[in-house]
Amino acid sequence: MRFMMLMVVLVSLCFGGFPAKAERTGTDASPLRVLLIPADGGTEDGTRADFLPLFNAITRTSGIHFDVRTGQSYAAVIEGMCAGQAEIAWLGPVSYVEAHKRGCADLLAIEERDGGSTYYAGIFVSSASGVDNPADLQGKSIALGSQHSASSFSYPLSMLSKAGVDPLRDLSAIRITGSHANSLLALQNGLVDAAGASFVSFERAVNQGGLKASDFRLLMKSDPIPNPPIAMHPGLSAQVKASLRKSFGDIHETPGIRPESIRGYGGKQMDRYNTDATDALFEAMAGAIGFIDTDYQAAILQKSGS
C-alpha cells in the first residue's frame, strides 16, 4: 500500500501536479496534455522536438491546442494516461496495448512512411566479435531497453527464443538499460556482447555522432512491428475525439503545411497519419511476443537484477 501511494505521488510530480480529473477541451486556455514516451535515450528535449512540428501544425490548422511533454519512462506515460493526467500519448506498440487493456487509451493514429506502418528491431553485436549466428550468444550477455518497449525488449527476446536461444537459461547476463541508445552504448563500450534496439534508434544514434556504424554488425532482424501509435484518452468527449481524428487524418493534405512538419518516431518525416487503422494491427503482435507474460517478464527482470 505504501508503494502504491508513493507511485501516485511520483506520477503527480512528474506531470506537474495536474488534477487527475481535469477536463480539457483543446482551447488555448485548456490545451490537451500530450505525453511522449522517451525515445532514443530518453532525452526530453529531443523527443519533444521530434513531435512539436506535428502538433504545432495541427494547432495552426484546427485550432486545437496542446501542452506537449516527455515522460520519464514508458511506464510513467502509461500511468499518466491511466491517472487522467494526459489526454493524448505517443506510445510504443507494447505500451499502447497495455494501456488499452487497462481502458486508458484508444487508438487515434499511426504513422505511415514509404507506404507502410511498420518498423524493425535488431539484435546487434560488435563487428569485431566472433558472434556470427544466434547460437554463438549462448553463455554471453545482452543489453535490452525498457520492459515496455517492443523493439528493444520484447522482440529481441522473441528473436532469441525463435532461434533456439533461451534468454533465461542460455544467456550469462541480461542488462536492462532503459533505452535503445543506452543498450547500444553498453555494447560499444564492451559491457555486453549484444544489444537489442530498433533500426530507427540505431540510425539516429549514428547520425547524431554517438555511434560509429562500422563498429556494429546486425545479427538478427525482427518481423515487422507496428509503428508506435498516437493514442487518446477514452474519457474525451465525442466532439473532441472526432476533431482529433479529422485533424490528424487530414494534416498531410492541408494547404500551407510543409511536408517536413509531418514528423514522427526519431524525428523522421512521415507520409501521413492513418486514423483509419484498427487495433487488429496490434493484435498481430501476439503471435510473436505473446509468450512474454507477466511471469516471464518478472523472470527476465530478476535475471537482470532490476
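Before going into details, it helps to say that this report is about the structure given with it. Because the structure is a prediction, the values reported are computed rather than measured.

1. Quick look at the sheet that holds strand S4 (residues 106-112)
Pairing is mixed across the open sheet formed by six strands, whose spatial order is S2-S1-S3-S12-S4-S13. Taken across any chain shown, the strands that pair with only one partner, and hence form the sheet edges, are strand S2 (66-70) and strand S13 (272-274). Strand-to-strand, the axes of this sheet are offset by a mean angle of 25°, without reference to chain direction. In the sheet, S4 pairs with strand S12 (residues 229-232) via four bridges, with the strands oriented antiparallel. Counterpart to Asp106 in the pairing with S12 is Met232.

2. Points about the pairing of strand S7 (residues 141-144)
Burial along S7 is two-sided: the face carrying Ser141 and Ala143 and the face carrying Ile142 and Leu144 are both buried. In the sheet, S7 pairs with strand S8 (residues 173-176) via four bridges, with the strands oriented parallel. Within S8, the position partnered with Leu144 by the bridge is Ile176. In this structure, S7 lies alongside strand S9 (residues 194-198), joined through two bridges in parallel fashion. Note that in S9 the partner of Ala143 across the bridge is Ala195.

3. As for the environment of Ile64
Note on placement: Ile64 falls in the loop between helix H2 (44-62) and S2. For Ile64 and Thr27, which are 37 residues apart along the polypeptide, the C-alpha to C-alpha distance reads 6.0 Å. With residues near it in sequence (within four places) discarded, Ile64 still touches Gly26, Leu32, Ile58, Thr59, Ser243, Leu244 and Ser247.

Cut-off values and rules
Residues numbered from 1 in each chain as written. Predicted model: local features only at pLDDT ≥ 70, side-chain atom pairs only at ≥ 80, totals over all residues. Heavy atoms only, no water. Pairing = 2+ DSSP bridges. Helix = DSSP H or I, 4+ residues; strand = E, 2+ residues; numbered from the N terminus. Axes fitted to C-alpha atoms, helices over the stretch in contact; angles between N-to-C directions. Buried < 20%, exposed > 50% of the residue type's maximum accessible area, 1.4 Å probe, protein only. Contact = heavy atoms within 4.5 Å.

Just geometry here; none of it tells us what the structure is for.
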